[in-house]
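Structure at a glance
One-letter residues, chain by chain:
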Amino acid sequence: KELYVTCSAGISLYPQDGPDVDTLLKNADAAMYRAKEHGRSNFQFYTSEMNERVNERLALENALRRALERQELALHYQQKVSLKTGAIVGAEALVRWLHPEWGLVRPARFIPLAEETGLILRIGEWVLREACRQARAWLGAGLQPGVVSVNLSVRQFKQEGLIRTVSRILEETGLDPAQLEIELTESMVMGNVDAAIAVLQGLKQLGVALSVDDFGTGYSSLSYLKDLPIDALKIDRSFVRDIGGGDEADEGVLAQAIISLGHALHLKVVAEGVETDAQMRFLRRHGCDEVQGFYYGEPVAPMAHAKLLESAKRKARR
Ligand code: C2E
Ligand code: MG
Ligand code: MG
């Protein structure tokens, strides 16, 4: 086998970057991380602002480690609506970090770090359990939450024992597997397709639904897509944003193409990031099954989502 090795180097200089070996090494290390971030196979000289970034990262990492114990994580729920009936058919659970000093931290700020440090495994398991517990609680209160979906990270997907964990959580919380959906991304699945198919099949056997998130932004092999035991494609926001953008000729062509592709593969198609009436109409006209986005509602705290479910229930009775 041929192996490819790359080298990333960080450089610190005496005396301006440190008075002793320990400091020089520490600073060279910070510079090396920067070199790696810059796509590897390069070098970077140390600058003092690198240290600030490293310290910031360290502070974030330490705080994140404690976030779980201190119960600073919460889930918000964003409704998913059927374009055929207009009814709420489910919700996506989205993690939020409510830091006592920094306020609400968005997942984009801490999920990548959680991935790198491995903390995502514990966070992801908490998310899964909390979403199942909440869905079960809503059902117990006579509400119809529909299918609740949870985002899975790469690390979780590759973790041995994932299927057992999901199965255990379903058992513990008593949630019917049919009311849980797991969202994956293309890159997770396409890396090692055979291994991925085995995991997907295991999850499907539990009875949970599977969907591919942010579809169209990664590298999907169409010939593999056909073989994956998935239920739905989620059209990425960027393609929905193109709808109603003014350029009549190619407006929404990719969204339209993904709907056709999904339906040809007998998959449900969900659009995310729907913000306008024009986008909703376009998607409905082209047969998209479900939508999610600010046009219908932002992700909200569990209490607020329960209110939505209650008013949906009242409307259905009328
Ligand atoms: P995603 O799974 O694609 O989630 C959709 C994101 O789009 C959410 O951002 C949501 O708030 C936002 N969004 C929804 N409707 C609209 C809209 O109409 N317009 C716009 N501009 N944005 C909209 P959020 O909550 O910040 O999450 C970002 C990403 O973080 C998620 O993307 C997902 O990849 C990740 N994430 C969130 N929660 C979890 C989690 O529990 N586990 C893992 N592994 N990842 C998570
Ligand atoms: Mg998602
Ligand atoms: Mg998405």
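Let us look at the structure shown here. Given the structure is predicted, the values throughout are model-derived calculations rather than measurements.

Quick word on the coordination of the magnesium ion (ligand 2)
Tetrahedral coordination by four donors sets the ideal angle at the metal to 109.5 degrees; octahedral coordination by six donors sets it to 90 or 180 degrees. Note on the magnesium ion (ligand 2): its protein donors are Glu92 (OE), Asn151 (OD1), Glu183 (OE) and Asp213 (OD). The metal-donor distances range over 2.0 to 2.2 Å. Sequence spacing of the donor residues for the magnesium ion (ligand 2), all on one chain, is E-x58-N-x31-E-x29-D. Distance-wise, the magnesium ion (ligand 3) is placed 4.1 Å from the magnesium ion (ligand 2), both being coordinated by Asp213. With Glu92 in strand β4 (residues 88-99) and Asp213 in strand β8 (residues 209-215), this residue pair connects regions lying 121 residues apart in the sequence.

Regarding the pattern of salt bridges
One pass over the structure, following the stated rule, counts 20 salt bridges. The partner of Arg129 in a salt bridge is Glu172, and the shortest N-O contact between them spans 3.1 Å. Note that Arg129 is positioned in helix α4 (residues 120-140) and Glu172 in helix α6 (residues 162-173), a separation of 43 residues in sequence. Residue classification places Glu172 among the partly exposed positions, given a relative accessible area of 48%.

A closer look at the packing of aromatic side chains
On inspection of all chains with the given rule, the structure shows five aromatic pairs. Measuring from ring centre to ring centre gives 5.0 Å for Tyr77 and Trp138, while their planes differ by 70°; the resulting arrangement is edge-to-face. Linking Tyr77 in strand β3 (residues 73-82) with Trp138 in helix α4, this pair joins segments that are 61 residues apart in sequence. Side by side, Tyr77 and Trp138 carry an identical accessibility label, which is buried. Among the aromatic residues, those joined into a cluster by ring pairs are Trp97, Trp102 and Phe110.

Details of a nonpolar patch on the surface
Together, Leu13, Phe43 and Phe45 give the surface a local cluster of nonpolar side chains, amounting to about 300 Å² of exposed area. In this structure, Leu13 sits in the loop between β1 (9-11) and α1 (21-37). Note on Leu13: relative accessible area 35%, which makes it partly exposed.

Reading the values: rules and limits
Residues numbered from 1 in each chain as written. Chains lettered and ligands numbered in written order. Predicted model: local features only at pLDDT ≥ 70, side-chain atom pairs only at ≥ 80, totals over all residues. Heavy atoms only, no water. Donors = N, O, S within 2.8 Å, 3.2 Å for Na, K, Ca; no water. Helix = DSSP H or I, 4+ residues; strand = E, 2+ residues; numbered from the N terminus. Salt bridge = Lys/Arg side-chain N within 4 Å of Asp/Glu carboxyl O. Buried < 20%, exposed > 50% of the residue type's maximum accessible area, 1.4 Å probe, protein only. Phe/Tyr/Trp six-rings, centres within 6.5 Å; stacked < 30°, edge-to-face > 60°. Patch = residues over 30% accessible without salt bridge, like charges linked within 9 Å, V, L, I, M, F, W, Y side chains within 5 Å. Areas by Shrake-Rupley, 256 points an atom, 1.4 Å probe, with all protein chains shown as cover.

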